[in-house]
Amino acid sequence: ETGRCVPLMASVTFIQAGSNRGVTGQTVEAFWNSISHVPLLSVGINCALGPKEMRPLIEELSQIAPVFVSSHPNAGLPNPLLPTGFPETPDSLAPQLREWAQRGWLNIVGGCCGTTPAHIKLIAESVRGIPPRTIPVIEPLTRLSGLEAVTIRPDSNFVNIGERTNVTGSPAFAKLILGGDYDQALSVARQQVEGGAQVIDINMDEGMLDSKAAMEKFLRLIASEPDIARVPIMVDSCKWEVLETGLKNVQGKSIVNSISLKEGEATFIRHATLVRRYGAAVVVMAFDE
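Residues numbered from 1 in each chain as written. Predicted model: local features only at pLDDT ≥ 70, side-chain atom pairs only at ≥ 80, totals over all residues. Heavy atoms only, no water.

(A) Highlighting unusual backbone geometry. A cis amide bond links Asn 257 with the next residue in sequence, Ser 258, at an omega value of 15°. With respect to the helices, strands and loops of the structure, Ser 258 is situated in strand S10 (residues 255-261). Although it is not a glycine, Asn 157 sits at a positive phi angle of roughly 65°. With a relative accessible area of 71%, Asn 157 lands in the exposed category. (Helix = DSSP H or I, 4+ residues; strand = E, 2+ residues; numbered from the N terminus. Buried < 20%, exposed > 50% of the residue type's maximum accessible area, 1.4 Å probe, protein only.)

(B) Molecular detail of the pattern of salt bridges. Taken as a whole and assessed by the stated rule, the structure comprises 8 salt bridges. Arg 103 is paired through a salt bridge with Glu 99; the nearest N and O atoms lie 2.3 Å apart. Using a relative accessible area of 51% as the deciding quantity, one classes Arg 103 as exposed. On the basis of relative accessibility, which here comes to 22%, the residue Glu 99 falls in the partly exposed class. Residues participating in the shared-partner salt-bridge network are Arg 55, Glu 99 and Arg 103. (Salt bridge = Lys/Arg side-chain N within 4 Å of Asp/Glu carboxyl O.)

(C) Representation of the sheet that holds strand S8 (residues 199-203) within the structure. Spatial ordering of the open sheet is given by S7-S8-S9-S10-S11, a layout of 5 strands whose pairing is parallel. The open sheet has two free edges, formed respectively by strand S7 (161-162) and strand S11 (281-288), since each of these has just one partner strand. Note: S7 against S8, 2 bridges, orientation parallel. Considered in S8, the bridge of Gly 162 is made with Ile 200. (Pairing = 2+ DSSP bridges.)

(D) Structural context of the pairing of strand S6 (residues 149-152). Taken together, the 4 bridges between strand S5 (residues 142-145) and S6 define a ladder with antiparallel strand orientation. Paired with Ser 145 across the bridge in S6 is Ala 149. Where S5 hands over to S6, the hairpin turn is made up of 3 residues, counted between the paired strands.

(E) Geometry of a nonpolar patch on the surface. Together, Met 9, Leu 41, Phe 68 and Ile 135 make up a nonpolar patch on the protein surface, roughly 340 Å² of accessible area in all. Structurally, the position occupied by Ile 135 is in the loop between helix H4 (117-127) and S5. (Patch = residues over 30% accessible without salt bridge, like charges linked within 9 Å, V, L, I, M, F, W, Y side chains within 5 Å. Areas by Shrake-Rupley, 256 points an atom, 1.4 Å probe, with all protein chains shown as cover.)

(F) Examining the nonpolar core more closely. Ranked by internal contacts, the top residues of the largest apolar core, which has 38 residues, are Ile 177, Ile 200, Ile 202, Met 204, Phe 218 and Ile 222. Other than its neighbours up to four places away in sequence, Met 204 contacts Val 167, Phe 173, Ile 177, Leu 209, Ser 211, Ala 214, Met 215, Phe 218 and Asp 236. Residues Ile 45, Ile 58, Val 67 and Trp 100 belong to the second largest nonpolar core, which totals 28 residues. (Core = buried A, V, L, I, M, F, W, Y, C linked by side-chain atoms within 4.5 Å. Contact = heavy atoms within 4.5 Å.)

(G) Layout of the sheet that holds strand S2 (residues 40-46). The 4 strands are arranged S1-S2-S3-S4 in an open sheet whose pairing can be described as parallel. Every other strand in the sheet has two partners, leaving strand S1 (8-12) and strand S4 (108-109) as the edge strands with one partner each. Judged from the 5 bridges that link them, S1 and S2 form a sheet pairing that is parallel. Note that in S2 the partner of Met 9 across the bridge is Ser 42.

(H) Local environment of helix H9 (residues 240-248). Counting buried residues in H9 gives 7 out of 9 residues, a clear majority hidden from the surface. Listed as buried for H9 are Trp 240, Val 242, Leu 243, Glu 244, Thr 245, Gly 246 and Leu 247. Tucked into the core, H9 has its buried residues touching helix H7 (211-223), strand S9 (233-236), S10 and helix H10 (265-278).

As structure tokens, this is what we get:
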């Protein structure tokens, strides 16, 4: 109502002790790349894990996020045999979070499941007077993600983009999609990833296809296959409505291939704004009307 932008706080839950993957299946870096376009006050990790399990995740996040970092661990992993259901007492939890603060990993700290007012009181006392984390300066590079992160650096040589899941470029793939054989079509995507593709290009532009429906179905199937979905997706179409359908059905930070000025500046700006809102990178074709 005031017209001012309200900063947002984002927090992710990692559900498996000893794993660096969140509930979405993404690594810490892949998760950050996926949401890095959002104007955030802070990003953090909460719940599911105790301080011992969360420690390496918070350390990694603190090094890659150019915003405040928050941490709200549980009071250890749940244990139904304990009277409180959790092993960490205020006296055991607070010193661990103090050490994180001393290492410069935290801007915001608290507790999640199993913590009590006594835990929070001692945490607050233990970090009082410690300087908050300094926001790092992150080099502006092309940072993509599926379930895992892909960063394109000046010394990256070249990036392999698998083009065989493209109905306009692969007659074999087009035959599978037109025939409704999505299981075999998925195997084509899997072969590309196994063969070293760092990104896979998905294109459903075929006159005999409902391109929007085919794009949606194939991307949702890919999302259920972690061995494919670990790499970023390039959503490829000459039709904006198909590109947007792809953006609504892909996880991570994808690439839009492509937009241009051929329909005029106003349309270009509208499409570019939406691409950024969806959190994707973009290929801009150098031609206009």
